[in-house]
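Inside the fold
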Amino acid sequence: ELSSILLYFPVALKRMLNFNVPPVKNSTGEPVWKVLIYDRFGQDIISPLLSVKELRDMGITLHLLLHSDRDPIPDVPAIYFVMPTEENIDRMCQDLRNQLYESYYLNFISAISRSKLEDIANAAIGANAVTQVAKVFDQYLNFITLEDDMFVLCNQNKELVSYRAINRPDITDTEMETIMDTIVDSLFCFFVTLGAIPIIRCSRGTAAEMVAVKLDKKLRENLRDARNSLFTGDTLGAGQFSFQRPLLVLVDRNIDLATPLHHTWTYQALVHDVLDFHLNRVNLEESTGTESIPAGARPKKKNKKSYDLTASDKFWQKHKGSPFPEVAESVQQELESYRAQEDEVKRLKSIMGIEGEDEGAISMLSDNTAKLTSAVSSLPELLEKKRLIDLHTNVATAVLEHIKARKLDVYFEYEEKIMSKSTLDKSLLDMISDPDAGTPEDKMRLFLIYYISSAQAPSEIDLEQYKKALTDAGCNLAPLNYIKQWKAFTKMASAPTSYGNTTPKPLGLFSRVMNTGSQFVMEGVKNLVLKQQNLPVTRILDNLMEMKSNPETDDYRYFDPKMLRGSDSSVPRNKNPFQEAIVFVVGGGNYIEYQNLIDYIKGKQGKHVLYGCSELFNATQFIKQVGTFDSN
């Protein structure tokens, strides 16, 4: 099943960390000790998937950056996981000459060229280390898996494939080719790891089409080369698939610029929008309390804390797509149930006169203490539960501070109304001019969404009035200039995107969270509930996956790399709906879109969808990119 394909990536990594054979413990049950050497690219691929503890369990005692000062450890094998770049290869050859390790397992994230391979061979011969270079592997893992159903191309040098890079007005053909090749290389790796050849659909006249043409060609060439084909069925993913091939839908970011600017209401997307959330890790500044700082004294340095929000965090998995009020309520619930359990353990301990954690005394007591023993054996579980509750209390509190300070609930609701063409209860000018609602950037986002979503651009007179209000509110108008050009250009190309016509419904006040004992002071925050409406990317996927005829997607190109001859057709040969699909956004994606796809596919039994993008940005990062077009 496709849903679990991204679960193979940890498997692929674990296999690599075990010298490229499936992991088996040796007779003593101890893994072989080894060193892991990676570059920044390798680090980004491994860190969202495997924790330090998991690495240790696999025998990785040290993990070091390739270009750091490393001491020789001559009796330990080293596993390298790096990009095949000139400087990386030079440094590896230097390691061979300096005889740093017992043996060398060289794994390249992306395929290494013949000439670079020869450089390594020559260095090994020169250093008398031919026998020590145990294996050289192309791993085809040049992408970062963030969720079971989400991946992003790269994190290092991501400005090279950014929205701005692709859409620069002064870009040369050679630069565009380089960007497209970078994207295609990662997508190719993705399908090699998957062990499947997709059917590709894309919109015409966009960067997505350029990616489709190049990817089709690369897959086609690999299939033709029977001796070296990577799709012979020996791959990890092969045989794990349903009989049908997956659909790859390549969409261009330019089909929808409103969603990346949209304020959001679900947990994961909010964390990404308002906090520092990156490769599944959120960095928080701890507030130092409200004690007053004496005049003239230096303000206390805030402590930085970081938390990993991962697949093993059950609360996160369950609630990352939930509306924020529901999350606050659930954290509160978890806290109350934890306190009840904690009291039970304390009560049992005190009845028995056991203080502290004296395990010995506990085990000596007779059977009538079975109840206590089970309570105590559940302590580690309880402590883990407590850790997660504390983590989400801190993260949710940090999000709540932003919601309240910036009135993000009001923005979210207002934008949803604009995008679904509902009646507005307050004029846009009032929203922009309200000094209590939002930062200048919040106001700019709101205005851009209005501008993008309106069928008719506002008249010059109205626009001047808006611009004055925005400037008075402290906004930087640079992003508007780009969006104006973009809208004029896309107007020729296509009609404005529609965003469905449902708006969030406010429920009554929060029951549990509104009581005074709660961790979260939610007064004044609207309890908005989401209604599922498909965003443009989800709608395009639905048309193509379900084979629906729709003017929006009827002229999408169709590629089948398995067909002998490529053809420039929009006519799908396959008439059956697809069970499995990958949506990939060229030009950058976001958690709002990802969540929308996940919610959509939940309603389709037995179907799976993955979301990928060339980079992952939040509205702040996107506005920054759009605002810099002006300056060149």
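Up top you'll find the structure we're talking about.
This report concerns the structure included in the present document. Predicted model only: the values in this text are computed from it and were never measured.

The subject of this paragraph is the environment of Glu593. Position of Glu593 relative to the elements: it lies in helix H22 (residues 591-602). Discounting residues that sit within four places of it in the chain, Glu593 has contacts with Arg253, Asp256, Thr259, Leu535, Val537, Val585 and Tyr611.

To summarise the sheet geometry, strands pair through backbone hydrogen bonds and adopt either a parallel or an antiparallel arrangement. Read from one edge to the other, the open sheet built from five strands follows the order E2-E1-E3-E4-E5, with strand pairing classed as parallel. Unpaired on one side and paired on the other, strand E2 (60-65) and strand E5 (133-138) mark the two borders of the sheet. Along the sheet, successive strands turn relative to each other by an average axial angle of 20 degrees, direction set aside. Of the pairings in the sheet, the one linking strand E3 (residues 73-82) to strand E4 (residues 101-108) comprises seven bridges and is parallel in character. When the sheet's bridge partners are listed, Pro77 is paired in E4 with Ser103. Strands E3, E4 and E5 of the sheet are contacted by helix H4 (residues 86-97), whose axis makes an angle of about 165 degrees with E4.

Let us look at the sheet that holds strand E11 (residues 281-286). Strand order in the open sheet formed by three strands is E10-E11-E12, with antiparallel pairing between adjacent strands. In this open sheet, the two edge strands, each paired with only one partner strand, are strand E10 (276-278) and strand E12 (303-308). Ignoring strand direction, the axes of neighbouring strands in this sheet form an average angle of 25 degrees. As judged from the three bridges shared by E10 and E11, these two strands associate in the antiparallel manner. Opposite Phe277, over in E11, you have Val282 as the bridge partner.

Positionally, Asn88 belongs in helix H4. With a relative accessible area of 4%, Asn88 lands in the buried category. Non-local contacts of Asn88, meaning those with residues more than four positions away in its chain, are made with Asp39, Leu66, His67, Val82 and Met83.

Turning our attention to the pairing of E3. Most of E3 sits inside the fold, with seven of its ten residues counted as buried. Examined bridge by bridge, strand E1 (residues 34-38) and E3 share four bridges and lie parallel to one another. Residue pairing across strands places Val35 opposite Ala78, the latter belonging to E3. Between E3 and its parallel partner E4, the chain crosses via H4, and the hand of that crossover is right-handed.

Here the focus is the pattern of salt bridges. Inspection of the entire model under this criterion finds 32 salt bridges. Between Asp308 and Arg281 there is a salt bridge, with its nearest N and O atoms 2.8 Å apart. Taken together, the positions of Asp308 in strand E12 and Arg281 in strand E11 put the pair 27 residues apart, joining distant regions of the chain. Residue Arg281 is classed as partly exposed on the basis of its relative accessible area, which comes to 38%. Two residues, Lys426 and Asp434, come together in a salt bridge whose shortest N-O distance is 3.6 Å. Look at Lys426 and you get partly exposed, because its relative accessible area is 33%. Looking at Asp434, the relative accessible area reads 15%, which means it is buried. Each of Asp273, Arg406, Asp442 and Arg445 takes part in salt bridges that share partners, so that together they form one network.

Here the focus is a negative patch on the surface. On the surface, a cluster of negative charge is made up of Glu86, Glu87, Asp90 and Asp119. Element by element, the count of residues in the negative patch is highest for H4, at three residues.

So, about helix H14 (residues 379-406). In this model H14 runs 40 Å from its N-terminal to its C-terminal C-alpha over 28 residues, within 8% of the 40 Å that 1.5 Å per residue would give. Among the residues trailing H14, Lys407 stands out with phi positive, at a value near 55 degrees.

Further remarks concern the packing of aromatic side chains. Each aromatic ring pair is described using two quantities: the centre-to-centre distance and the angle formed by the ring planes. Summed over all chains, the structure comprises 23 aromatic pairs. Ring geometry for Tyr267 and Trp316: centres 5.3 Å apart, planes at 70 degrees, overall edge-to-face. A residue pair is termed long-range when its members are at least 10 positions apart, and Tyr267 in helix H9 (residues 267-274) and Trp316 in helix H10 (residues 314-319) qualify at 49 residues. For the residue pair Tyr267 and Trp316, the accessibility class agrees, reading buried in each case. Three or more aromatic residues joined by ring pairs form one cluster here, namely Tyr267, Phe277, Trp316, Tyr591, Tyr594 and Tyr611.

Within the largest apolar cluster, 121 residues are counted, with the highest numbers of intra-cluster contacts made by Ile183, Leu250 and Phe324. In terms of residue count, the dominant contributor to this core is helix H7 (residues 173-194) (twelve residues). What Phe324 contacts, discounting residues up to four positions off in sequence, is Trp265, Tyr267, Leu270, Ala396, Val399, Leu400, Ile403 and Met522. Counting residues in hydrophobic clusters, the runner-up holds 33 residues, among them Tyr414, Leu428, Ile432 and Phe629.

Another aspect to go through is unusual backbone geometry. Even without being glycine, Gln99 reaches a positive phi, approximately 45 degrees. With a phi angle near 55 degrees, Met547 is a residue other than glycine that sits in the positive phi range. Note that Met547 resides in the loop between helix H21 (536-545) and strand E15 (557-559).

The rules behind these values
Residues numbered from 1 in each chain as written. Predicted model: local features only at pLDDT ≥ 70, side-chain atom pairs only at ≥ 80, totals over all residues. Heavy atoms only, no water. Helix = DSSP H or I, 4+ residues; strand = E, 2+ residues; numbered from the N terminus. Contact = heavy atoms within 4.5 Å. Pairing = 2+ DSSP bridges. Axes fitted to C-alpha atoms, helices over the stretch in contact; angles between N-to-C directions. Buried < 20%, exposed > 50% of the residue type's maximum accessible area, 1.4 Å probe, protein only. Right-handed = clockwise from strand over helix to strand, strands pointing away. Salt bridge = Lys/Arg side-chain N within 4 Å of Asp/Glu carboxyl O. Patch = residues over 30% accessible without salt bridge, like charges linked within 9 Å, V, L, I, M, F, W, Y side chains within 5 Å. Areas by Shrake-Rupley, 256 points an atom, 1.4 Å probe, with all protein chains shown as cover. Lys, Arg positive; Asp, Glu negative; His and termini not counted. Charge placed at Lys NZ, Arg CZ, Asp CG, Glu CD. Expected span 1.5 Å × (residues − 1). Phe/Tyr/Trp six-rings, centres within 6.5 Å; stacked < 30°, edge-to-face > 60°. Core = buried A, V, L, I, M, F, W, Y, C linked by side-chain atoms within 4.5 Å.

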